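Results of the structural survey
What follows is each chain in one-letter form.
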Amino acid sequence: MLTIGEFSRISRVSTKTLRYYDQIGLLKPGFVSRDSGYRYYEVSQLRDMLLISRLKRYLFSLPEIAAVLAARDNSRLAELLQAKKEEFLRQIEDQRHLLLQMEQDIEKIERCENIMQANYLVKTVEIHPKTIYSLRRKMSVRDFEEAFGALCAGLEKKRLKPAGPFLSVYHDVEFNHECTDIEVGVEVAGGSGEQLRELAPGLCCFATHIGPYDDFTPCYTALMEWIEREGYVVAGPPFELYVKGCDDNVPPSEYVTEIYFPIKK
């Protein structure tokens, strides 16, 4: 067996950390002396320590690592690693998008342009009443995927066919990433019953955003500036039409979203 000091030296993990792992039940010593309270570890536990260190590098939480050690299930571990890999790939894509945006901002600054000035073409349109099938709930931005999944399941159950792009309506005056009154829906042809309603925003101004869903704020800003400049006021909740997105097998850089504000003089 190895003393805690020997185990620390070989595993390159401090004795303070080993005592903490013992305290939380992540890696308990193989033996603790009743007389001295000294901790002793089995040589085989070095492999467990290697796995803990590896999973920490993969950004697993300590409770997640504890579950892996308790299960000793390589199939489950492979599933968890695959999920973590996909998470990292999404983060890499996000970082690539940020780098591209930074390069564009640098080019604008070199041209003596305002990096927050976005060139959105704002138009007006009269939207006639349309029937939508929708779900409305308090949700966070992280819940969009689940909400649209439930929406599609409801469409299938009711045998309704989409007659236009999917949409989101933001009913709260204030926006909160963690809890906002959001309605997700889609235009349908005919039908009646629960979760079907008329969407009739009337006169709207709108602009088209091309790119990922992660930041529509510049487009919203351009619309509000136009509304103020042209002497209009907002006459209803804004909504987004997802003209082209993740279901169209295109990269996020090619997503097309139209953002609308109902307006009046």
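Residues numbered from 1 in each chain as written. Predicted model: local features only at pLDDT ≥ 70, side-chain atom pairs only at ≥ 80, totals over all residues. Heavy atoms only, no water.

**Thoughts on the sheet that holds strand β1 (residues 2-3)**
- Strand order in the open sheet formed by three strands is β1-β3-β2, and the pairing between neighbours is antiparallel. The open sheet terminates on both sides in strands that have one partner only, identified here as β1 and β2 (31-32). (Pairing = 2+ DSSP bridges. Helix = DSSP H or I, 4+ residues; strand = E, 2+ residues; numbered from the N terminus.)

**Section: the confidence of the model for the protein chain**
- Averaged over all residues, the pLDDT of the protein chain is 92; the fraction at 70 or higher stands at 100%.
- Between the elements of the protein chain, mean pLDDT differs from a low of 91, seen in helix α5 (residues 74-110), to a high of 97, seen in strand β12 (residues 256-264). (pLDDT = per-residue confidence, 0-100.)

**Re the pattern of salt bridges**
- All chains considered together, the criterion is met by 14 salt bridges.
- In this structure, D22 engages K28 in a salt bridge whose closest nitrogen and oxygen atoms are separated by 2.9 Å.
- Accessibility expressed as a relative area gives 47% for K28, which makes it partly exposed.
- Here E187 and K130 are joined by a salt bridge, their closest N and O atoms 3.8 Å apart. Of this pair, E187 sits in strand β7 (residues 180-188) while K130 sits in strand β5 (residues 130-139), and the two are 57 residues apart along the sequence. (Salt bridge = Lys/Arg side-chain N within 4 Å of Asp/Glu carboxyl O. Buried < 20%, exposed > 50% of the residue type's maximum accessible area, 1.4 Å probe, protein only.)

**Examining the packing of helix α3 (residues 45-57) against helix α4 (residues 62-71)**
- Look at α3 against α4: their axes get within 10 Å of each other, and the N-to-C directions meet at 140°. Put simply, α3 runs oblique to α4. Pair α3 / α4 crosses with right-handed handedness. On α4, the residues touching D48, L51, I52, L55 and K56 of α3 are L62, I65, V68 and L69.
- Among the residues making up the contact of α3 with α4, the classes are represented as seven nonpolar, no polar and two charged. (Axes fitted to C-alpha atoms, helices over the stretch in contact; angles between N-to-C directions. Parallel < 35°, antiparallel > 145°, perpendicular 65-115°, else oblique. Left-handed = near helix turned anticlockwise from the far one by under 90°. Contact = heavy atoms within 4.5 Å. Nonpolar A, V, L, I, M, F, W, Y, C, P; charged D, E, K, R; others polar.)

**Remarks on the pairing of β5**
- Summarising the sheet, β5 and strand β8 (residues 196-199) pair through four bridges and their orientation is antiparallel. Bridging across to β8, T131 finds its partner in E198.

**Here we look at the nonpolar core**
- Among the nonpolar cores identified, the biggest contains 29 residues, and Y133, F144, V184, C205 and L223 are the most heavily contacted of them.
- Within the residue set of this core, elements represented by two or more residues are β5, α6 (144-158), β7, β9 (202-210), α7 (217-229) and β12. (Core = buried A, V, L, I, M, F, W, Y, C linked by side-chain atoms within 4.5 Å.)

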